[in-house]
Amino acid sequence: MRFRTTILSLAVLACTAAGLLAQSVLASGTKTPVKITRTPGGNFELAESGTGVNDGRVGLVSIWGERFNLLSGLPSGMTPEGTAIGPTAVADAHGTIYIVIGEGDVKGASSTPQQVPNPNGLSSPIFSSVIAAEFNPVPDGIREGFALSAENIDALADGNTLTLENGSGESVSLSLLVDFRDFIPDARLRVRQANPFAAVVVGSLTADNLTELGFTGTLETANFLGHLNPNSELGQKLRERTVVYVVDAGMNTITEVAASTGRARVVTRFPAQANPLFPSLGGPVTDAVPTSVVVRADGTLLVTTLGGFPFAPGTSKVWSVDPATGVATPWIEGLTSATNVLEVDGAIYVLEVSTNLLGGAPGQILRYESPTATPTVLAGGIIGGTGLAYEPTRNELVVTETFTGLVKRIALTP
């Protein structure tokens, strides 16, 4: 059993636990929001998985709560358990964003713990993929946005690059960066499905690149201009040096995808872990189920793992991953159901989707002074929290509630 198949019980919860810090609503009415990312312009890109009828969307949410469409008509399918899965995350490179599409309806119903492919076929050809979307103007400046048709999706699946324009003079160029295998054979589950769930972009020009291109400005300026205009010489060189790290909750992997070619390489594969509740509940082992990824200043990655069924307390973790070697080291242990992690001014914030998944309890945000410190509960009563971002101008955390459709603000200072 996976994260996406078990948080359903949270959909019927009322907010029964009061948060320790005040929570206010930044935006409402979204359709199954998953991850949220702050843009260079200070807004937020929100991945909405939709309702399961290919109505996934990536939207822009301003710091005042205004909502604008960036790209709609994205894949969205229902799992056998009734969860809508479509766009799950956005990795931002300013002019270009990378849209992560989850598993959708690739899996069929099964009366056993073993998994089977959907016998009715898939409702979209590009589930479990990453779409590269190059906007003009940059996403912060898009106000009308674009809607994809079924024909557009088929064209992307065929490897074509699409350019869409609207009446406001805005445009977007779309291509399928990588399409992961929907299934691989698995000794324990029969087949294992891909479910890309989070991503982050990493890449920077070097001093040698600037010399080669005859650019006399600073590296910071060059990187900004390269991200702003991906088709410039700086932008093309920067794309060659850029990778997208994709977390796959189904395959239990972190995959490095080259932004210039789409070549994918598995960096880390999290092994199955012992189930401390066996034989009373569940099998002898369970999956790690990675759920988020952020990059630190030193280039290492922080990755949360939820832990699979039966979600025993203490099996969820935050890992430090060296992307060069793939070595994953537990960084924070003893968690219950981690779905995101952030570092802000030396403090560490961990989002948990629930304090008791099988009991249908709401989630919380924990604050750590250090990875080994005893945490404090910063906010509770969060219903299906999956996405977490930081807003520095107001010193707030921004969290998505998958089942309420709310995007909430939590002030870190009174």
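Draft legend 1. Representation of the overall build of the protein chain. A tally of helices and strands in the protein chain yields five helices and 34 strands. If one aligns the C-alpha atoms of the protein chain with their principal axes, the spans along those axes are about 65 × 50 × 40 Å. The buried share of the protein chain, reckoned over its 414 residues, is 59%. The protein chain carries 25 positive and 37 negative side-chain charges, and their two centres are separated by 6 Å.

Draft legend 2. Representation of the environment of Leu210 within the structure. Position of Leu210 among the secondary structure elements: in helix H3 (residues 207-213). For Leu210 and Ala222, which are 12 residues apart along the polypeptide, the C-alpha to C-alpha distance reads 7.7 Å. Each residue touching Leu210, except ones within four places of it in the same chain, is listed here: Leu205, Phe215, Gly217, Thr218, Leu219, Ala222 and Leu234.

Draft legend 3. A nonpolar patch on the surface, seen in detail. Together, Phe224, Leu225 and Leu228 make up an exposed nonpolar region whose accessible area comes to about 240 Å². Locating Leu225 in the fold gives a position in helix H4 (residues 219-228).

Draft legend 4. A look at unusual backbone geometry. In this model, Asn136 is joined to Pro137 through a cis peptide bond whose omega is 0°. Mapped onto the elements of the fold, Pro137 is located in the loop between strand E12 (129-136) and strand E13 (146-147). Omega for the bond connecting Phe278 with Pro279 falls within 30 degrees of zero, at 5°, which places this linkage in the cis form. Following the sequence through the fold, Pro279 ends up in the loop between strand E22 (273-274) and strand E23 (285-286). With a phi angle near 55°, Thr32 is a residue other than glycine that sits in the positive phi range.

Draft legend 5. Up close: the nonpolar core. Within the largest apolar cluster, 29 residues are counted, with the highest numbers of intra-cluster contacts made by Ile99, Ile131, Phe135 and Leu174. Where this core is concerned, the elements lending two or more residues are strand E4 (56-61), strand E5 (67-74), strand E9 (96-101), E12, helix H2 (150-157), strand E14 (162-165) and strand E15 (171-179). With four residues, E5 is the single largest residue contributor to this core. The contact partners of Phe135, leaving out residues within four places of it in the chain, are Leu70, Gly95, Ile97, Ile142, Phe146, Ser171 and Val172. Ranked by size, the runner-up nonpolar core spans 27 residues in total, among them Trp331, Ala338, Val344 and Tyr390.

Draft legend 6. Structural detail: the pairing of E9. Across the six residues that make up E9, a large majority, six, are buried. Residues Thr96, Tyr98 and Val100 point to one face of E9 and Ile97, Ile99 and Ile101 to the other, with burial holding for every one of them. In sequence, strand E8 (residues 87-93) turns back onto E9 through a hairpin of two residues, with His94 there showing a positive phi of about 70°. Of the pairings in the sheet, the one linking E9 to E12 comprises six bridges and is antiparallel in character. Looking at the pairing, Val100 lines up with Val130 of E12.

Draft legend 7. Representation of the packing of aromatic side chains in the model. Applying the stated criterion across every chain, the model contains three aromatic pairs. Ring plane angle 40° and centroid distance 6.3 Å describe the contact between Phe135 and Phe146, whose orientation is recorded as tilted. You can see Phe135 sitting in strand E12 and its partner Phe146 sitting in strand E13, a full 11 residues away along the chain. Between Phe309 and Phe311 the ring centres are 6.1 Å apart and the planes differ by 90°, which places this aromatic pair in the edge-to-face class.

Draft legend 8. Quick look at the side chain of Asn275. Among the secondary structure elements, Asn275 is positioned in the loop between E22 and E23. Within the structure, Asn275 has its side chain in polar contact with the backbone oxygen of Gly283 (distance 2.8 Å). What Asn275 contacts, discounting residues up to four positions off in sequence, is Leu281, Gly282, Gly283, Pro284, Val285 and Pro310.

Draft legend 9. Quick peek at the confidence of the model for the protein chain. Of the residues in the protein chain, 95% have a pLDDT of 70 or more, and the chain-wide mean is 94. Contacts for the low-pLDDT stretch residues 1-19, under 50 throughout, to residues beyond four places or in other chains number 61 contacts.

Draft legend 10. A look at the pairing of strand E21 (residues 264-269). When strand E20 (residues 253-258) meets E21, the two strands line up antiparallel, connected through five bridges. Paired with Thr255 across the bridge in E21 is Val266. Counting the residues in the hairpin turn of E20 and E21 gives five residues, including Gly262, whose phi is positive at 80°.

Draft legend 11. Quick peek at the sheet that holds E20. Across the sheet, four strands lie side by side as E18-E19-E20-E21; this open sheet has antiparallel pairing. Lying at the two open borders of the sheet, with one neighbouring strand each, are strand E18 (196-202) and E21. Strand-to-strand twist of the sheet, defined as the mean angle between neighbouring strand axes without regard to direction, takes the value 25°.

Draft legend 12. Fine view of the packing of H4 against helix H5 (residues 233-240). Direction vectors running N to C along H4 and H5 enclose 95°, while the axes themselves pass 7 Å from each other. Judged on the interaxial angle alone, H5 and H4 are roughly perpendicular. Touching Ala222, Asn223, Leu225, Gly226 and His227 of H4 are Leu234, Gly235 and Leu238, all from H5. Looking at the contact of H4 with H5, its residues break down into four nonpolar, four polar and no charged.

Draft legend 13. Quick look at the pattern of salt bridges. Scanning all chains against the criterion turns up 17 salt bridges. Across the pair Lys237 and Glu240 runs a salt bridge whose closest N-O atoms are separated by 3.4 Å. Of the two residues, Lys237 and Glu240 are both situated in helix H5; the distance of three residues between them amounts to about one turn of the helix. With relative accessibility at 16%, the residue Lys237 sits in the buried group. Judged by relative accessible area, which is 51%, Glu240 ranks as exposed. Between Glu343 and Arg296 there is a salt bridge, with its nearest N and O atoms 2.7 Å apart. In this pair, Glu343 sits in strand E28 (residues 338-344) while Arg296 sits in the loop between strand E24 (290-295) and strand E25 (301-305), placing the two residues 47 residues apart along the sequence. When its relative accessible area of 25% is taken as the criterion, Arg296 is described as partly exposed.

Calculation criteria
Residues numbered from 1 in each chain as written. Predicted model: local features only at pLDDT ≥ 70, side-chain atom pairs only at ≥ 80, totals over all residues. Heavy atoms only, no water. Helix = DSSP H or I, 4+ residues; strand = E, 2+ residues; numbered from the N terminus. Buried < 20%, exposed > 50% of the residue type's maximum accessible area, 1.4 Å probe, protein only. Lys, Arg positive; Asp, Glu negative; His and termini not counted. Charge placed at Lys NZ, Arg CZ, Asp CG, Glu CD. Contact = heavy atoms within 4.5 Å. Patch = residues over 30% accessible without salt bridge, like charges linked within 9 Å, V, L, I, M, F, W, Y side chains within 5 Å. Areas by Shrake-Rupley, 256 points an atom, 1.4 Å probe, with all protein chains shown as cover. Salt bridge = Lys/Arg side-chain N within 4 Å of Asp/Glu carboxyl O. Core = buried A, V, L, I, M, F, W, Y, C linked by side-chain atoms within 4.5 Å. Pairing = 2+ DSSP bridges. Phe/Tyr/Trp six-rings, centres within 6.5 Å; stacked < 30°, edge-to-face > 60°. Polar contact = N/O pair within 3.5 Å; in protein donor to acceptor, adjacent residues only side chain to side chain. pLDDT = per-residue confidence, 0-100. Axes fitted to C-alpha atoms, helices over the stretch in contact; angles between N-to-C directions. Parallel < 35°, antiparallel > 145°, perpendicular 65-115°, else oblique. Nonpolar A, V, L, I, M, F, W, Y, C, P; charged D, E, K, R; others polar.

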